[in-house]
Amino acid sequence: MSKMAKDILKMDLYGLLGIDITATPKEIKKAYRQKALTCHPDKNPDNPKAVELFHQLSQALEVLTDAPAKAAYDKICAAKKQAEERHRKLDDKRKKIKLDLESREQQAEAQTQDEAFNTRTLEEEIARLREEGSRQLEEEQRLIREQIQRERETQQTGSYTISGVVKCSKTNVTPKLKLKWKCKKDDQTNGGYSQDILFRLLQKYGDVSNVIVSSKKKGSAVVEFATVRAAELAAKNESGLSENPLKISWLEGQPEVIAPASQPGLFMSSQGQLSNERDYESVVMMKMRQAAERQKLIEQMQKEDDEEA
C-alpha cells in the first residue's frame, strides 16, 4: 500500500470537513472552503500545523469530489466498521466448536481479500488523481486566495502605516527557489519528482509562475513564484516526498531586513496613486521583465548542464 493511501485511510475525511457521508459535491466544496479559509498558509504564516491541516483538507476534497475515489474510500470505511462490529460479537462465539471457528476464520479471510481488493482500487484512483491533477482543487484554492486578498484590501482603507522592521527584496526581481534531491544518474523517475509533482507540492503556498526541471542534471529544479510571500512559505515549510526529501534554497529575490522607518507612519494619499494608464504600463513592463528573467535562467541551467556533462 502506498504511503499516500495509508495516510488517507488514517484520516476521517468526512469528520475533517465536518460533513455527513450523504453530503452532495456542492456541500463538500462549501465545507472545504469554510475550513480551508481558517487554516490557509497565507493567514497562518508562522503555524506549520496549519499548513499540514490545509494539505489534509485538500486531500479530502480531492477524494470526496471524485466519484470513483469516493466510492473506493467509502467501501473500505464500511468494511472496517463491519469488521469492528464483527470482532466485538465474536468475543463469546470464539468458544464454540472448532468447526464453527474454522468457518468464521474462512469468512474473515475472504473479507480480508475483499478489503485488499478495495484498497488496491483506492490506490489506483489516488494514482489517477495524481496523474491527472485536480483542476477542481486548484480552482477552489484560487478562489480562497482571491477571497483572502479581498479581505486584506477591505482592511486597508486607502492609507497604511509602516512601522517596526520592514522586509523588502530587490526591486523587480522575481522570487526563485532552487530545489535539490537525491537521484541516481540512471534513475528514469528522477528520484520521484517531475514538473507536475513539484507544481502541485508548491502551489498550495501561492501562485507558481514556472517550474523548470533540469533535463541533464538529475535531482535539480528551479521554481519561480508570483510573490515573495509564497516563496517564503514554500522555503520554510515544504519538505517534499517523505522517501526523498527536498533541499530548498533561495536563488533570487530573498527578502532582506532593514532598519525601522524613522517616521512614525507613512501615509499614501489618493493623489499619489498611479493612473490606470501608468498601472497598465507597469504590468506590461513587469511581464516582459519576468519573461526575460525566465529565458535567462533557462539558458543558464542549460549551460551548467552542458558543462557538467
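Per an unreviewed UniProt entry, the chain carries the name DnaJ homolog subfamily C member 17 and comes from Gymnodraco acuticeps. Heading Function (unreviewed entry) of the UniProt record for the chain holds this comment: "May negatively affect PAX8-induced thyroglobulin/TG transcription."

Trainee: Help me understand the environment of L101, please; the structure alone is not making it clear to me.
Mentor: By the element assignment, L101 lies in helix α6 (residues 98-132). Sequence separation of L101 and L90 is 11 residues, and the distance between their C-alpha atoms is 9.7 Å.

Trainee: Hey, could you run me through the sheet that holds strand β7 (residues 247-252) in this one?
Mentor: Adjacent strands of a sheet pair through backbone hydrogen bonds, lying either parallel or antiparallel. A sheet is described by the order of its strands in space; here four strands give the open sequence β3-β4-β2-β7, paired in antiparallel fashion. Of all the strands in the sheet, the pair left with one neighbour each is β3 (208-213) and β7. The average angle at which neighbouring strand axes cross in this sheet is 25°, direction not considered. The sheet contact formed by strand β2 (residues 176-180) and β7 spans five bridges and is antiparallel. Opposite K178, over in β7, you have S249 as the bridge partner. Packing of helix α8 (residues 195-202) onto the sheet brings it into contact with β2, β3 and β4 (220-225), and relative to β3 it is tilted by some 145°. Across the sheet, helix α9 (residues 228-237) touches β2, β4 and β7, and the angle it forms with β7 is around 155°.

Trainee: Can you walk me through the pattern of salt bridges in this structure?
Mentor: Think of it this way: side chains of opposite charge can pair up when their charged atoms draw near. A full pass over the atoms with the stated rule returns 17 salt bridges. One salt bridge in this structure joins D196 and R200, with 1.7 Å as the shortest N-O distance. With D196 and R200 both in helix α8, this residue pair falls four residues apart, about one helical turn. By relative accessible area, D196 is classed as partly exposed at 36%. Three or more residues are tied together by salt bridges with common partners; here these are D66, E125 and R128.

Trainee: Help me understand α8 in this model?
Mentor: Every α-helix winds through 3.6 residues per turn, so residues three or four apart in the chain are directed the same way. If you check which residues of α8 are buried, you get I197, L198, R200, L201 and L202. Tucked inside the fold, the buried residues of α8 contact α6, β2, β3, β4, α9 and β5 (240-241).

Trainee: In this structure, what is going on with the packing of aromatic side chains? I would like to understand it.
Mentor: Aromatic ring pairs are described here by two measures, namely the spacing of the ring centres and the angle between the planes. Under the counting rule described, the total for this entry stands at two aromatic pairs. Ring geometry for Y14 and Y73: centres 6.2 Å apart, planes at 45°, overall tilted. Placement of the pair is Y14 in helix α2 (residues 13-17) and Y73 in helix α5 (residues 67-93), with a sequence separation of 59 residues. In this structure, Y14 and Y73 share a single accessibility class: buried. Look at W181 and Y193: their rings are 4.8 Å apart centre to centre, the planes differ by 45°, and that puts the pair in the tilted class. Of this pair, W181 sits in the loop between β2 and α8 while Y193 sits in the loop between β2 and α8; the two residues are 12 residues apart in sequence, bridging distant segments of the chain. Classification of W181 by relative accessible area gives buried; the value is 7%. Given a relative accessible area of 3%, Y193 falls into the buried group.

Trainee: What's the story with the packing of α5 against α6 in this structure? I'm lost.
Mentor: Pairs of packed helices are described in terms of their axes, by the angle between the two and the distance that separates them. At a minimum axis separation of 9 Å, α5 and α6 run at an interaxial angle of 160°. Considering the angle they form, α5 stands roughly antiparallel to α6. Viewed along their axes, α5 and α6 form a crossing whose handedness is left-handed. Contacts between α5 and α6 involve P68, A69, A72, Y73, K75, I76, A79, A83, R86, L90 and K93 on the former and, on the latter, D100, R104, Q111, E115, N118, T119, T121, L122, E125, R128 and L129. Of the residues belonging to the contact of α5 with α6, the class tally is 10 nonpolar, four polar and eight charged.

Trainee: Help me understand the pairing of β2 in this model?
Mentor: One face of the sheet, then the other: side chains in a regular strand alternate in exactly this way. When β2 meets β4, the two strands line up antiparallel, connected through five bridges. Note that in β4 the partner of L177 across the bridge is V223.

Trainee: I keep staring at the environment of R135 and nothing clicks. Help me out?
Mentor: Relative to the helices and strands, R135 is located in helix α7 (residues 135-155). Taking the C-alpha atoms as reference, R135 lies 9.5 Å from E62; in sequence the two are 73 residues apart.

Trainee: Can you walk me through the pairing of β3 in this structure?
Mentor: Note that β3 and β4 share five bridges and pair antiparallel. Across the sheet, V211 pairs through a bridge with V223, a residue of β4.

Trainee: For this particular structure, what's the right way to read the side chain of E140?
Mentor: By secondary structure assignment, the location of E140 is in helix α7. Given the relative accessible area of 5%, E140 is considered buried. Of the polar contacts made by the side chain of E140, one reaches the side chain of R33; its length is 2.8 Å. The residues touching E140, leaving out its near neighbours within four places in the chain, are K29, Y32, R33 and L61.

Rules of the game
Residues numbered from 1 in each chain as written. Predicted model: local features only at pLDDT ≥ 70, side-chain atom pairs only at ≥ 80, totals over all residues. Heavy atoms only, no water. UniProt positions renumbered as here; feature names shortened; annotations may be inferred. Helix = DSSP H or I, 4+ residues; strand = E, 2+ residues; numbered from the N terminus. Pairing = 2+ DSSP bridges. Axes fitted to C-alpha atoms, helices over the stretch in contact; angles between N-to-C directions. Contact = heavy atoms within 4.5 Å. Salt bridge = Lys/Arg side-chain N within 4 Å of Asp/Glu carboxyl O. Buried < 20%, exposed > 50% of the residue type's maximum accessible area, 1.4 Å probe, protein only. Phe/Tyr/Trp six-rings, centres within 6.5 Å; stacked < 30°, edge-to-face > 60°. Parallel < 35°, antiparallel > 145°, perpendicular 65-115°, else oblique. Left-handed = near helix turned anticlockwise from the far one by under 90°. Nonpolar A, V, L, I, M, F, W, Y, C, P; charged D, E, K, R; others polar. Polar contact = N/O pair within 3.5 Å; in protein donor to acceptor, adjacent residues only side chain to side chain.

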